[in-house]
Amino acid sequence: MKITIITSTFNSGATVEDTFKSILSQTFKNIEYVVVDGGSRDNTVEIIKRYEPKFCGRMRWISERDNGVYDAMNKGICMATGDVIGFLNSDDYYTSTDCLQTIVDTLEKEDVDATYGNVHYVNAGNPQKMVRFYSSKHFRPSLMRLGFMPAHPSFYCKRWVYEKYGIFDTEYRIASDFELLLRFLFVNKVKAKFIAKDFVTMRTGGLSNSGLRSHQQIMKDHQKALKVNKVYSNFFILCLRYIYKTY
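This is a predicted model, so every value here is computed, not measured.

1. Here's the deal with helix H8 (residues 235–246)
At step 1: Here H8 contains 12 residues, and its C-alpha end-to-end distance of 17 Å stays within 8% of the 16 Å for a straight helix at 1.5 Å per residue.
At step 2: Among the residues of H8, the N-terminal cap falls to Asn234, whose side-chain oxygen and the backbone nitrogen of Phe236 are separated by 3.0 Å.

What follows is the structure in structure tokens.
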């Protein structure tokens, strides 16, 4: 079983080296690494070129303008040849060296087509300081009516799922990952298994954790995604998620 890992970059020179190092440190080696750069103007491409030989032919990359992170992810999916596809953002890194091996072991032994687990956020200026732990333990597809979803950075699924049910819808500004998982797990009932493991360390400041405006946009995206996929919900039901999170 081969895993394709996709990283989208744009002016990521300050953090992407940690991402590369964490992939190289994985004990599971049967990987294909696809890096989709959005035409960075800093030293990102220089770092990509410096690390490419370290992957011994397992890295492929492009650098060109795109229409945002989800467009870049879609390009990566189209380039992928692995049996399984997952994403690692350019300011994130694997929490331990056996993450990919754990995912492969689960997919090979269990009757499932996808896995997901936990992630945690750290202070961008101080990676040793954890600021939030995101657990997917209690996730159920039915909870997507409330806006809940498993941690997308920990989500790995077989390539055929994307080929059959589609890729990211770039019309969503922030929550295209929610719409994609809604389509996969709720609507089309792709079999997925939770793994009780912290997979990814994420720096704060991403698209979905950038203040009040981002949360307002997430609410709009969630309402649209649920309506498009004909899943009943409404504004008040979605607000229950924030009450739960506050508790």
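Read on, since the account is not over.
2. What to know about unusual backbone geometry
At step 1: Even without being a glycine, Lys189 presents a positive backbone phi close to 55°.
At step 2: Within the secondary structure, Lys189 is located in the loop between helix H6 (176–187) and strand S9 (192–203).
At step 3: The phi torsion at Lys230 lies on the positive side, around 60°, for a residue other than glycine.
At step 4: Mapped onto the secondary structure, Lys230 falls in the loop between helix H7 (212–228) and H8.

3. Some details on the pairing of strand S1 (residues 3–9)
At step 1: Judged by how many residues are buried, S1 sits mostly within the fold: 7 of 7 residues are covered.
At step 2: Along S1, one buried face is formed by Ile3, Ile5, Thr7 and Thr9 and the opposite face, lined by Thr4, Ile6 and Ser8, is buried too.
At step 3: Pairing of S1 with strand S2 (residues 31–37), which is carried by 7 bridges, proceeds in the parallel orientation. Paired with Thr4 across the bridge in S2 is Glu32.
At step 4: Taken together, S1, helix H1 (residues 16–24) and S2 constitute a β-α-β crossover, and its handedness is right-handed.
At step 5: Bridge analysis of S1 against strand S4 (residues 84–87) gives 4 bridges, and the strand direction is parallel. Counted as the bridge partner of Thr4 is Ile85 from S4.

Rules used in this analysis
Residues numbered from 1 in each chain as written. Predicted model: local features only at pLDDT ≥ 70, side-chain atom pairs only at ≥ 80, totals over all residues. Heavy atoms only, no water. Helix = DSSP H or I, 4+ residues; strand = E, 2+ residues; numbered from the N terminus. Expected span 1.5 Å × (residues − 1). Polar contact = N/O pair within 3.5 Å; in protein donor to acceptor, adjacent residues only side chain to side chain. Buried < 20%, exposed > 50% of the residue type's maximum accessible area, 1.4 Å probe, protein only. Pairing = 2+ DSSP bridges. Right-handed = clockwise from strand over helix to strand, strands pointing away.

So, to be careful, I would describe these as geometric facts and stop short of saying anything about function.
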